[in-house]
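Descriptive structure summary
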Amino acid sequence: MAMQLIECVPNFSEGRRQNVIDEIVSCFKDKKGVYLLDSRADEDHNRLVISLVGAPAPIQDALIEAAKTAQKHIDMNTHQGGHPRIGAVDVIPFTPIKGISMEECIELAHNFGERYYKETGIPVYFYEDAAKTPERKRLEVIRKGQYEVLKDEAQTNPDRKPDVGEAKLHPTAGATVIGARKFLVAFNINLGTSDVQIAKKIANAVRSSSGGFAHVKGIGLALEERGIVQVSMNLVDYEKNSLYRVLETVRMEAKRYGVEVIETEVYGMIPVGAILESAAYYLQIADFDPGQVLELQLLDLMGERAE
């Protein structure tokens, strides 16, 4: 049987207490079959994003361990942060990388959701390709009102009942959204102003739900520690909405308010194709082919010889 590789990017509602962050991250270290590629904590978002690659079984085991750790330390009744969230472990997406199909990742998400609830008592919602109903495909629909609203509506509104678990949230850990999806690029654009309303207006202009780019989700946030604001986005299909196109649109919208883009951030891992496409645009390279990149050619040759 061919080796199966998935990517998983669990998001935790903790970005400020370093001891808690370290304990959660440690659940993914030195685990056979689990490769910790990146971990980033943001104080303003109050969120920890971890990027993993590995085999499905050991990744699931590590996720359960990390969820129990987060459950021990994070109380959603006192949690505050700039990023939308409904749980201590807010979201767990599975992405096929090698030897596994999207359909298999969907089945993986569903089976893991059942196990997750059984072992942690935290209810589960399914999203993106693993959604059980069309309206739950979009993460923002599940998160509407965030933890503070959902903890009541999960009990009173049948449309907001978890997919796995009773009609209520965990009293401190909330709920977790589990799904299967294509590779997502978390792309943030920081603006040289402290006016968060400008960031919110620009996010409204570029995100799909407001009539912007079809595969872009976005919100406007204040980065209070730095005195600036951010258009925080997820590009759920970077092949259809390239980084440079989104960046230039945000830059154009910002000029309406006399505001400049001061920097951008890629949060977590990113496919090389997403970077190369924007590099080709800004360098104005005619007829650029990713096969011209030396390291990519070498990796292809190494892969062919290994097989």
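**Focus: the packing of aromatic side chains**
In the structure shown here, the tally under the stated rule is four aromatic pairs. Considering the side-chain rings of Phe112 and Tyr116, the 5.7 Å spacing of their centres and the 55° angle between planes classify their relative orientation as tilted. Linking Phe112 with Tyr116, this pair stays in helix α3 (residues 102-120), spanning four residues, or about one helical turn. Judged by its relative accessible area of 0%, Phe112 is buried.

**Some remarks on helix α7 (residues 243-255)**
Along an α-helix, residues three or four apart share an orientation, since each turn contains 3.6 residues. If you check α7, its first and last C-alpha atoms are 18 Å apart, about what 13 residues at 1.5 Å a residue would give, namely 18 Å. Within the sequence span of α7, burial applies to Leu243, Tyr244, Val246, Leu247, Thr249, Val250, Glu253 and Ala254.

**Section: the pattern of salt bridges**
Inspection of the entire model under this criterion finds 21 salt bridges. A salt bridge links Glu23 to Lys72; its shortest N-O distance comes to 3.0 Å. Linking Glu23 in helix α1 (residues 18-26) with Lys72 in helix α2 (residues 56-73), this pair joins segments that are 49 residues apart in sequence. Judged by its relative accessible area of 56%, Lys72 falls in the exposed class. Note that Asp237 is salt-bridged to Lys182, the shortest N-O span being 3.0 Å.

**What about the sheet that holds strand β8 (residues 185-191)?**
Across a sheet, paired strands are connected by hydrogen bonds in the backbone, their directions being either parallel or antiparallel. Read from one edge of the open sheet, four strands run β9-β10-β8-β11, paired in antiparallel fashion. Two strands lie at the open edges of the sheet, namely β9 (216-223) and β11 (261-267), each paired on one side alone. On average, each strand axis in the sheet is tilted by 20° relative to the strand beside it, whichever way the strands run. Running at roughly 175° to β9, helix α6 (residues 196-206) makes contact with β8, β9 and β10 (228-235) of the sheet. Packing against the sheet, α7 makes contact with β8, β9, β10 and β11, and its axis sits at approximately 25° to β8.

**Concerning unusual backbone geometry**
With a phi angle near 55°, Asp30 is a residue other than glycine that sits in the positive phi range. By secondary structure assignment, the location of Asp30 is in the loop between α1 and β3 (34-42).

**Here's the deal with the side chain of Arg143**
Note that Arg143 resides in the loop between α4 (139-142) and α5 (146-156). If we ignore the near neighbours within four places in the chain, the residues touching Arg143 are Arg47, His83, Pro84, Arg85, Ile86, Asp90, Val91 and Arg160.

**Things to note about the nonpolar core**
Core analysis: the biggest nonpolar cluster contains 54 residues, and Phe94 and Tyr116 have the highest contact counts within it. Core analysis: the second largest hydrophobic core is formed by 24 residues, Val206, Val216, Val231 and Ala274 among them.

**Structural notes on α3**
Spanning 19 residues, α3 covers 26 Å between terminal C-alpha atoms, matching the ideal 27 Å at 1.5 Å per step. Tucked inside the fold, the buried residues of α3 contact β1 (5-8), α2, β5 (89-98), β6 (124-128) and β7 (176-180). At the exit of α3 stands Gly121, carrying a positive phi of roughly 80°.

**Observations concerning a nonpolar patch on the surface**
A cluster of nonpolar side chains, namely Leu294, Leu298, Leu299, Leu301 and Met302, defines an oily patch on the protein surface of about 510 Å² accessible area. With respect to the helices, strands and loops of the structure, Leu298 is situated in helix α9 (residues 294-306).

**Describing the pairing of β3**
The pairing of β3 with strand β4 (residues 47-54) spans eight bridges and is classified as antiparallel. By the bridge assignment for β4, Arg40 is matched with Val49. Hairpin connection from β3 to β4: four residues lie between these consecutive antiparallel strands, with Asn46 at a positive phi of about 50°.

How each quantity is defined
- Residues numbered from 1 in each chain as written.
- Predicted model: local features only at pLDDT ≥ 70, side-chain atom pairs only at ≥ 80, totals over all residues.
- Heavy atoms only, no water.
- Phe/Tyr/Trp six-rings, centres within 6.5 Å; stacked < 30°, edge-to-face > 60°.
- Helix = DSSP H or I, 4+ residues; strand = E, 2+ residues; numbered from the N terminus.
- Buried < 20%, exposed > 50% of the residue type's maximum accessible area, 1.4 Å probe, protein only.
- Expected span 1.5 Å × (residues − 1).
- Salt bridge = Lys/Arg side-chain N within 4 Å of Asp/Glu carboxyl O.
- Pairing = 2+ DSSP bridges.
- Axes fitted to C-alpha atoms, helices over the stretch in contact; angles between N-to-C directions.
- Contact = heavy atoms within 4.5 Å.
- Core = buried A, V, L, I, M, F, W, Y, C linked by side-chain atoms within 4.5 Å.
- Patch = residues over 30% accessible without salt bridge, like charges linked within 9 Å, V, L, I, M, F, W, Y side chains within 5 Å.
- Areas by Shrake-Rupley, 256 points an atom, 1.4 Å probe, with all protein chains shown as cover.

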